[in-house]
Amino acid sequence: MKTEHEERWIVEDRKAIRNPKKLKDHLRLTDEQLVDLMEIRKVFRMKITPYYLSLINKEDPDDPLLKMCLPDKNEMIVRKGELNDPIGDINDELENHPTPLITHRYPDRVLLFPTPFCGGYCRYCFRRRLAGNPDYKYKKSLLEDAFNYLEKTSAIREVILSGGDPLMLHDHELFSLLERLKAIPHIRTIRIHTRMPVWNPYRITDDLVRGLTKFQPLWIVTHFNHPNELSDTAMEHVSRLIDRGIMVLNQEVLLKGVNDTVEIQRELLLTLIENRIKPYYLHYLDKAEGISHFRTDIKTGIDILKELRGTVPGYAIPHYILDIPRGYGKVPFQFHYINEDEKGNIIVETPEGDYVPYSEYCDEKSMGMKEDADVKPIMLFSKEDKEHLKEMLKNGNGK
Ligand code: SF4
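Along each chain, the written sequence defines residue order, and numbers are assigned to residues from 1. Two thresholds apply to this predicted model, a pLDDT of at least 70 for residue-level local features and 80 or more for giving and counting side-chain atom pairs, whereas whole-chain, interface and lining totals are computed over all residues.

(A) The arrangement of the overall build of the protein in detail. Counting from the N terminus, the helices are the DSSP runs of H or I reaching at least four residues and the strands are the DSSP runs of E reaching at least two. Check the secondary structure of the protein and you find 13 helices and 12 strands. Dimensions of the protein along its principal axes, counting C-alpha atoms only, are 80 × 55 × 45 Å. Per-residue burial for the protein yields a buried fraction of 33% across its 399 residues. Throughout, a residue-residue contact means that the two C-beta atoms, derived from backbone geometry, are no farther apart than 7 Å. The long-range share in the protein, meaning contacts at least 24 apart out of those at least 6 apart in sequence, stands at 76%. Residues are called buried when their C-beta atom has 20 or more other C-beta atoms within 10 Å, exposed when it has 12 or fewer, and partly exposed otherwise; all C-beta atoms are positioned from the backbone.

Set out below in structure tokens:
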């Protein structure tokens, strides 16, 4: 029998605001905004839970959480380089879509899409073609096709449930799916990507957690983008997973006007690790249709992470990732701390922006010194040398 508390996420979901007209009771909206909202909603879904609304500062039209949930007329502008399927979930050339519910991009992992529905609809969604679209609601036979593929493809080691949001499935649906996966001997780990702890943290019920512990090793990847999303309620519910030994990672998206500053990222990352959630990915925004108003340049993310290095613990720093359009895979962007001077010596930049010479070897020869030299593991440059190096690297003379 369900307890009152366990039902709460369903009530929260039912009460979520889907019609912009109802938003007028909760937010200060101009008539013009309302007309825009009605127009946009014809194209892209909107769904905001009462819980998420409670985190928004209603007096602030620039509230970062508001930007992530409130439709914007910029969404109607589709730019030339934007794509309906930006990360190539379906790319016939790559043959990465063996059955309708699976994307097989890397040899050892697959994405499985058990539902198109989400706890709320993110305005920057990279899968907006399918998120919330009932046409993508799977039929049982499609799930059987997916299991057949998983069973016969022994190279697959991990299944990632993505979506939509897999935690929109009810417990019995989710557990029966996990049971089928667990029964396939070559599948060693299961991952669940979810933004439910952000939209509707009440979904993390004791029943859900108890059930999930049977499917270890299981990784949950949450999707917190801003420190204001890390409410006490959300953290209390996520901690239920961690207390029962389920590993929790977080992936976020770099969003203009939402989290594209060092201060916000520092607060987000520190609060995540204080709550035992490991920052995993910072995604550079995908080229989905109508989301360019959220786009920063690539360098913004590199600069933010560079500034954070040395001022937050290393394990708080996520990988900054580009999902190459059309399904060619993920690659990290990073600042290069390693340079060479004119003579080919390795020069390493410190987190403070100083330069020190470095050699991967420890003998005198490789350090370019005489045999009787007083070898130190790290030689510090003179002030003049540093200035010279800075100038040289700035001018692109080093490699
Ligand atoms: S939860 Fe994920 S799939 Fe759903 S709208 Fe947000 S980004 Fe898209």
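Back to the write-up after that little detour.
(B) How the structure looks around the packing of helix H11 (residues 262-274) against helix H12 (residues 298-308). Where H11 meets H12, the closest approach of the two axes is 10 Å, and the angle between their N-to-C directions is 60°. As far as their axial angle goes, H12 and H11 are oblique. Considering only the axes of H11 and H12, their crossing is right-handed. Two secondary-structure elements touch here, H11 through Val262, Gln265 and Arg266 and H12 through Ile304, Glu307 and Leu308. Of the residues that constitute the contact of H11 with H12, the class distribution is three nonpolar, one polar and two charged. In this analysis, axes come from line fits to C-alpha atoms, helices being fitted only over the stretch in contact, and the angle between any two N-to-C directions falls in the range 0 to 180 degrees. Comment on the angle field: the value is read as roughly parallel under 35 degrees, roughly antiparallel over 145, roughly perpendicular from 65 to 115, and oblique elsewhere. Left-handed describes a crossing whose near helix is turned anticlockwise from the far helix through less than a right angle; right-handed describes the clockwise counterpart. Under the scheme applied here, ten amino acids are nonpolar (Ala, Val, Leu, Ile, Met, Phe, Trp, Tyr, Cys and Pro), four are charged (Asp, Glu, Lys and Arg), and all others, including Gly, are polar.

(C) Quick look at the domain arrangement of the protein. When cut into domains, the protein gives domain 1 (92-333) and domain 2 (338-394). A straight line from the C-alpha centre of domain 1 to that of domain 2 covers 41 Å. By convention here, the domain bounds are inherited from an automatic or database domain assignment.

(D) Highlighting the pairing of strand E8 (residues 319-323). Two strands pair if DSSP finds at least two bridges between them. In the sheet, strand E7 (residues 278-283) pairs with E8 via three bridges, with the strands oriented parallel. Across the sheet, residue His283 finds its bridge partner in E8, namely Ile321. For a crossover, the right-handed case is the one in which the path from the first strand over the helix to the second runs clockwise, viewed with the strands pointing away from the viewer. With respect to chirality, the unit in which E7 leads through H12 into the neighbouring parallel E8 is right-handed. The pairing of E8 with strand E9 (residues 330-333) spans four bridges and is antiparallel. Residue pairing in the sheet places Tyr320 in a bridge with Phe333 of E9. Following E8, the chain reverses through six residues before pairing antiparallel with E9; Arg326 in that reversal takes a positive phi of roughly 75°.

(E) Structural view of the site of the ligand. In the vicinity of the ligand, the contacting residues are Cys118, Tyr121, Cys122, Cys125, Arg127, Ala131, Gly163, Gly164, Asp165 and Arg195. Each residue belonging to the shell around the ligand can be placed in one class, and the counts come to five nonpolar, two polar and three charged. Throughout this description, a residue near a molecule or strand is one whose C-beta atom, derived from the backbone, lies within 6 Å of it.

(F) Examining the environment of Phe335 more closely. Mapped onto the secondary structure, Phe335 falls in the loop between E9 and strand E10 (338-340). Residues Phe335 and Arg28, spaced 307 residues apart in sequence, show a C-alpha to C-alpha distance of 42 Å. Those residues in contact with Phe335 that lie beyond four places of it in its chain are Ile302, Leu305 and Lys306.

(G) Summary view of the confidence of the model for the protein. Across the protein, pLDDT averages 89, with 91% of residues at or above 70. On a range of 0 to 100, pLDDT expresses the predictor's confidence in each residue. Note that residues 369-379 has pLDDT below 50 and, in this model, 10 contacts with residues that lie over four places away or in other chains.

(H) Spotlight on the nonpolar core. In this description, a nonpolar core means buried residues of the types Ala, Val, Leu, Ile, Met, Phe, Trp, Tyr and Cys, linked to one another by C-beta atoms lying within 7 Å. Counting 72 residues, the largest nonpolar core has Cys69, Leu112, Tyr124, Cys125, Val159, Leu255 and Leu285 as the members making the most contacts within it. Apart from residues no more than four positions distant in its own chain, Leu112 is found in contact with Leu101, Ile102, Ala146, Val159, Ile160 and Leu161.

(I) Highlighting helix H10 (residues 232-243). One less than the number of residues in a helix, times 1.5 Å, gives the span that helix is expected to have. Given a rise of 1.5 Å per residue, 12 residues ought to cover 16 Å, and the 16 Å separating the end C-alpha atoms of H10 matches this to within 8%. For H10, the full list of buried residues reads Ala234, His237, Val238 and Leu241. In a view along the axis of H10, the buried residues occupy a sector of 95°, so they form one face of it. Away from the buried face of H10 by more than 90 degrees, exposed residues Asp232, Glu236 and Asp243 are located. The elements touched by buried residues of H10 are helix H8 (196-199), helix H9 (206-212), strand E5 (218-222) and strand E6 (247-253). Arc definition: directions from the helix axis to the C-beta atoms.

(J) Fine view of the pairing of strand E4 (residues 189-193). Counting buried positions along E4 gives four out of five residues, so the element sits mostly inside the fold. In this sheet, E4 lies alongside strand E3 (residues 158-163) in parallel orientation, the contact comprising four bridges. Bridge pairing in E4 places Glu158 opposite Thr189. Once you follow E3 into helix H7 (residues 171-182) and on to E4, the crossover reads as right-handed. As paired elements, E4 and E5 share four bridges and run parallel to each other. Considered in E5, the bridge of Ile192 is made with Ile220.

(K) Summary view of the sheet that holds E6. Pairing is mixed in the open sheet, where nine strands are placed in the order E1-E2-E3-E4-E5-E6-E7-E8-E9. The strands lining the two open edges of the sheet, one partner per strand, are strand E1 (102-106) and E9. Going from strand to strand, the sheet's axes swing by 30° on average, the running direction of each strand aside. Pairing of E1 with strand E2 (residues 109-115), which is carried by three bridges, proceeds in the antiparallel orientation. Bridge pairing in E2 links Ile102 to Leu112.

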